[in-house]
Amino acid sequence: MMDPMAWWHDAVAYQIYPRSFADSDGDGMGDLKGILSKVDYLAELGVDVVWLSPVYPSPMADNGYDIADYRDVDPLFGTLADLDAVIAALHARGIRLVMDLVVNHTSDEHPWFVQSRSSRDNPYRDYYIWRPPRDGREPNNWLSHFGGSAWQYDEATGDYYLHLFSRKQPDLNWENPKVRAEVYDMMHWWLRQGVDGFRMDVINMISKAPGLPDAPATRPGFYQWGGQYFVNGPRLLEFLAEMKREVLSKYDILTVGETPAVNTSQAVQITNEETGPLNMLFQFEHMDIDGGRWGRRSQRRAWELAELKAITTRWQRDLELGRGWNSQYLSNHDQPRPVSRFGDDGPCRAESAKLLGTFLHMLKGTPYVYQGEEIGMTNVALPSIDDYRDIETLNMYRERISEEGADPQALMQLIHARSRDNARTPMQWSDGPNAGFTAGTPWIKVNPNYRDINVEKALTDPDSVFHYYQRLIELRHTRPIVVYGVYDIIMENHPQIYAFTRTLEDERLLIILNFSGEEPVFELPDGLEAPQPRLLIANYPVREGDDLRRLELRPWEARVYLLGA
Ligand code: ISL
């Protein structure tokens, strides 16, 4: 059997959004002791890595993506000792822990920023990006991801500071070598504490174009925001190479960069195992197929399987082994639930959740499962805007009503489909009060479908989405072809079926996915006939007389065959 070349090649990661995972003390907010109580659950699922969203001290303007102290834990979540206990418990089960590294910006309550804003000649002034007013206004026309200008005027010194996200998230000035040295120091500190890597928040936004030029007002969306001047900026690769030299190269860790608006050639530069700084990236092309890329201008449109095929195929091919490495994800804390978005959260919820899982796990690249995905959790439709907590959602609602006079009801529909809070409702552990998430009042409402969709039920049902995910994960661990097989798409133009093969030496996997509630027929293309095709996993029971040469697929049916060898 082929040994993995890097430990994270055949690993499966699981993302925990701590405030929504498990609450141990009844304050309505998930915490580290809550996570500790669930490590056996993670071990049972079979994952190898946990990516923990931020637990650092924070004013929580963006649920912890606004960090006020990089070397501690917020009391809401517990203490550093609790984190140590989680790390030890995970390690004891062979699971590694990856921290969220949010270094494009800090909180405005971080001591560096408090110093920085105090006077123009403060030694920390240059830790952030300050500019004087231009004609009495913002220094340029860039827009913040969460609404309004990307600049905030600061009374104390009469200058503006840049914030690509909320005004409580000032951007760090990576041009300043002292900032970079601070970040590297902090990374060493965490690695010495025993963490096993980093997920790097919007890491491709750290280099801004010199002169911070105005965005052309004529081009919509991303460009109108100024994106071309701060995403994949001129010194990005240089900064990351330095980070690799100073820190990453000294440890055997997993690094994954969150990189909106990245293309495959940039991804190859970043993830090439020899020359690239990071192991893998989260790209966004497949997340954009049903709406606008940017939350504040969020839209909804019907998505096309053809587009998903084209995007996935391009990433699979362009990052072939030796060139780069993919990560795979269908959800995270910023995205709607995949079963509601790409599947069917009605009658075929379980089938479509399994189909999406098959897709995720049978692609080449490291899969990331977001909490609740493994039991097929769905979007939520909370009745009132007051039920929502996400800064992006709330700002978008307010801004579109005041600026465009948008219809509140239409906005609620959009929010039900697109809000990041879809992913942030509490993890559904049982059919007990608050889905077993907390003994108190949860910080955000529980999805009312918890009586039907919950972990307790999933664990007792051998046919549950959970057990299907467990088998998919096991396939990756036991079959190198799942990790290393070369991807080829077949029946590229079929409107409902997404089928592909993975080939490794004399073995071939055939993955057949009916991405629809209809019953299309799969016809085996020439060249794929095999004497004894072996069904490795499927989300429906096999029918008497099934013939791979001509398969009538059931709604959202997924099958994986091993051909040859
Ligand atoms: O949330 C999105 C779409 O609704 C994404 O565009 C997301 O905001 C963007 O990719 C950046 O995300 C990351 O950085 C943000 C934080 O709010 C997100 O939670 C985080 O994943 C600022 O730190």
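An account of the accompanying structure is given in this report. (Residues numbered from 1 in each chain as written. Predicted model: local features only at pLDDT ≥ 70, side-chain atom pairs only at ≥ 80, totals over all residues. Heavy atoms only, no water.)

Considering the site of the ligand
Lining the immediate surroundings of the ligand are 18 residues, of which Asp62, Asp201, His333, Asp334 and Glu392 lie closest. One of the side-chain N or O atoms of Arg199 is found 3.0 Å from an oxygen atom in the ligand. Here the ligand, which alone exposes 490 Å², has 96% of that area covered by the protein. For the shell around the ligand, a count of residues per class yields six nonpolar, four polar and eight charged. (Near = heavy atom within 4 Å. Polar contact = N/O pair within 3.5 Å; in protein donor to acceptor, adjacent residues only side chain to side chain. Areas by Shrake-Rupley, 256 points an atom, 1.4 Å probe, with all protein chains shown as cover. Nonpolar A, V, L, I, M, F, W, Y, C, P; charged D, E, K, R; others polar.)

Side note on unusual backbone geometry
Apart from glycine, the bulk of residues carry a negative phi angle, and the bulk of peptide bonds sit in the trans form. A positive phi angle is found at Leu212, which is not glycine, with a value near 45 degrees. Counting through the fold element by element, Leu212 comes out in the loop between strand 7 (197-200) and helix 6 (222-225). The phi dihedral of Ala261 falls on the positive side, at around 55 degrees, and the residue is not glycine. Turning to its location among the elements, Ala261 is positioned in the loop between strand 8 (254-258) and helix 8 (264-271). (Helix = DSSP H or I, 4+ residues; strand = E, 2+ residues; numbered from the N terminus.)

Digging into helix 7 (residues 236-246)
Looking only at helix 7, the buried set comprises Leu236, Phe239, Leu240, Glu242 and Met243. All buried residues of helix 7 fall inside an arc of 155 degrees around its axis, so they share one side. Buried positions along helix 7 lie against helix 5 (177-192), strand 7 and helix 8. (Buried < 20%, exposed > 50% of the residue type's maximum accessible area, 1.4 Å probe, protein only. Arc of directions from axis to C-beta. Contact = heavy atoms within 4.5 Å.)

Details of the packing of aromatic side chains
Within this structure, the stated rule accounts for 33 aromatic pairs. With a centroid separation of 5.8 Å and 40 degrees between ring planes, the pair formed by Trp174 and Phe239 is classed as tilted. Highlighted residues: Trp174 in the loop between strand 6 (159-162) and helix 5 and Phe239 in helix 7, separated in sequence by 65 residues. Considering the side-chain rings of Phe359 and Tyr498, the 5.4 Å spacing of their centres and the 50 degrees angle between planes classify their relative orientation as tilted. One end of the pair, Phe359, is in helix 11 (residues 349-362); the other, Tyr498, is in strand 13 (residues 497-504), and 139 residues separate them in sequence. Of the two residues, Phe359 and Tyr498, both sit in the buried class. Among the aromatic residues, those joined into a cluster by ring pairs are Trp303, Phe342, Phe359, Tyr487, Tyr498, Phe500 and Phe515. One cation-aromatic arrangement involves Arg19 over Trp443; the distance from NZ or CZ to the ring centre is 4.6 Å. The ring centre of Trp429 lies 4.0 Å from the NZ or CZ of Lys38, which sits over that ring. (Phe/Tyr/Trp six-rings, centres within 6.5 Å; stacked < 30°, edge-to-face > 60°. Lys NZ or Arg CZ within 6 Å of the ring centre and 35° of its normal.)

The quantities given are spatial measurements derived from coordinates; they are silent on function.
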